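Examining the three-dimensional arrangement
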Amino acid sequence: MLSERRLQVLRAIVQDYVGTEEPVGSKALTERHNLGVSPATVRNDMAALEEEGYIAQPHTSAGRIPTDKGYRLFVDKLAGVKPMTPPERRAIQNFLEGAVDLDDVVARTVRLLAQLTRQVAVVQYPSLTRSTVRHVELLSLAPARVMLVLITDTGRVEQRMVDCPAPFGETSLADLRARLNSRVAGRRFTDVPKLVEDLPEAFEVEDRGTVSTVLSTLLETLVEENEERLMIGGTANLTRFAHDFPLTIRPVLEALEEQVVLLKLLGEAKDPGVTVRIGHENAHEGLNSTSVVSVGYGSGGEAVAKLGVVGPTRMDYPGTMGAVRAVARYVGQILAES
């Protein structure tokens, strides 16, 4: 275990390196921070931190920089989450409240996160498998053609055309709409197949084929892999940090183009807290020089998807964690109200 003083020295090194982009020396540390000890003592502490792998000497310069291990200790033990100021919170709320639909919410969230953190922002669309049905609308377009509209608790709207095997009257359609909603409204997608399996039997024999066709379209809509959708923004922000990436920025950009990699990076949506993955903790080789800060968002206290940012390991962790958490909270509120 590191002594309290050495933890303070590590915190000061991380803060100075993130703020100045320059390797940090013992003399600068004692001048900038009230550590209460001499430069010689700070030098000894730095030597001990280096021996234990928390800081490293990047080249022949006298200064030291934090390693992945050093950043990890900083995030776990030393960094609080920096709260957003009231004006920042109001600005977030006003910007997101202008959204007209789910696509707009996601697009605005990406833009906002990229601007607030000056990193690459990634937002996963709400997952259908963790959603509940808000309402199913059935509209008659022709005697044997129906439009099915599925509305989820996260404001997602899915539309499908259904070609019925026989003409289906307005009265029968209204009856099906009412019976269907009474069974599935407010229920999880995964529960729906069981809830509707005997519904055709409630109708006249000649209507059962059409009811079954409508239901199979609904069930197909529920299981489609729509949850694998992501929106990404602010990639240009990485170019400002080009010197933070060894050799070249290219592996990072290539990794960001792979949706599967990004979904894995964001992690499981059911883990709602703020997750920070630093450097080599990211399994994908192209992202070994980056950190990923992500959090679950959703309505009603349950996470339905993740959002987060990707940037260099030399990151303002308290500020980034605060921004990601605040944006997720407001997106959840908007989904709950939509």
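Residues numbered from 1 in each chain as written. Predicted model: local features only at pLDDT ≥ 70, side-chain atom pairs only at ≥ 80, totals over all residues. Heavy atoms only, no water.

This paragraph deals with the sheet that holds strand β8 (residues 275-278). Here five strands make up an open sheet; going across it, the order is β7-β3-β10-β9-β8 and the pairing antiparallel. Only two strands of the sheet have a single partner each, and these edge strands are β7 (230-233) and β8. The mean angle between the axes of side-by-side strands here comes to 15°, regardless of whether they run parallel or antiparallel. Pairing analysis gives eight bridges linking strand β9 (residues 290-297) to strand β10 (residues 305-312), with the strands arranged antiparallel. Of the residues in β10, the one forming a bridge with Ser294 is Gly308. In this fold helix α12 (residues 317-337) packs onto β8, β9 and β10, with an angle of close to 25° to the strand it touches most, β9. (Pairing = 2+ DSSP bridges. Helix = DSSP H or I, 4+ residues; strand = E, 2+ residues; numbered from the N terminus. Axes fitted to C-alpha atoms, helices over the stretch in contact; angles between N-to-C directions. Contact = heavy atoms within 4.5 Å.)

Another point: helix α1 (residues 4-20). Spanning 17 residues, α1 covers 24 Å between terminal C-alpha atoms, matching the ideal 24 Å at 1.5 Å per step. Note on α1: the residue one or two positions beyond its end, Glu21, has a positive phi of about 65°. (Expected span 1.5 Å × (residues − 1).)

The next thing to look at is the layout of surface pockets. Empty space among the atoms becomes apparent when a probe as large as a water molecule is rolled across them. Space inside the largest pocket adds up to approximately 460 Å³. Residue lining of the largest pocket: 19 residues in total, with Leu116, Thr117, Arg118, Asp316 and Thr320 positioned closest to the centre. If you tally residues by element for the lining of the largest pocket, the top one is α12, at three residues. Counted by class, the lining of the largest pocket contains seven nonpolar, five polar and seven charged residues. Put simply, the second largest pocket is a space of about 310 Å³. Of all the secondary-structure elements, those providing two or more residues to the lining of the second largest pocket are β2 (65-66) and α4 (68-78). Residue composition of the lining of the second largest pocket, grouped by class: eight nonpolar, five polar and three charged. (1 Å grid on protein atoms, 1.4 Å probe; cavity = no way out; pocket = protein on both sides within 12 Å on 5 of 7 lines; lining within 4 Å. Points joined across faces, edges and corners; volume = space filled by probe spheres on them. Nonpolar A, V, L, I, M, F, W, Y, C, P; charged D, E, K, R; others polar.)

Below, the discussion takes up the pattern of salt bridges. Under the defined criterion, the tally for this structure stands at 17 salt bridges. The salt bridge involving Glu21 is made with Arg314; its shortest N-O contact spans 3.6 Å. Of the two residues, Glu21 is situated in the loop between α1 and α2 (26-32) and Arg314 in the loop between β10 and α12; the sequence distance between them amounts to 293 residues. With a relative accessible area of 7%, Arg314 lands in the buried category. A single salt-bridge network, built from bridges that share partners, covers Arg5, Arg6 and Asp45. (Salt bridge = Lys/Arg side-chain N within 4 Å of Asp/Glu carboxyl O. Buried < 20%, exposed > 50% of the residue type's maximum accessible area, 1.4 Å probe, protein only.)

Here three strands make up an open sheet; going across it, the order is β4-β5-β6 and the pairing antiparallel. Each edge of the sheet is formed by a strand with only one pairing partner; in this case those strands are β4 (133-142) and β6 (157-163). When the angles between neighbouring strand axes are averaged without regard to direction, this sheet yields 20°. Set on the sheet, helix α9 (residues 205-223) makes contact with β4, β5 (145-152) and β6; between it and β6 the angle comes to about 145°.

In this section: the UniProt feature "domain: HTH deoR-type" (unreviewed entry) in the protein chain. As recorded in UniProt, the sites labelled "domain: HTH deoR-type" (unreviewed entry) are residues 34-62. End C-alpha atoms of residues 34-62 are separated by 21 Å, and the span's content is 45% helix alongside 7% strand. (UniProt positions renumbered as here; feature names shortened; annotations may be inferred.)

This part covers α9. Taking 1.5 Å of rise per residue, 19 residues should cover 27 Å, and α9 covers 28 Å from first to last C-alpha, within 8% of that figure. Within α9 the residues assigned to the buried category are Asp207, Thr210, Val211, Val214, Leu215, Thr217, Leu218, Thr221 and Leu222. Buried residues along α9 cover an arc of 155° about the axis, so they all sit on one side. Exposed residues pointing more than 90 degrees away from the buried face of α9 are listed as Val205 and Val223. Here the buried face of α9 lies against β4, β5, β6, α7 (170-184) and α8 (192-196). (Arc of directions from axis to C-beta.)

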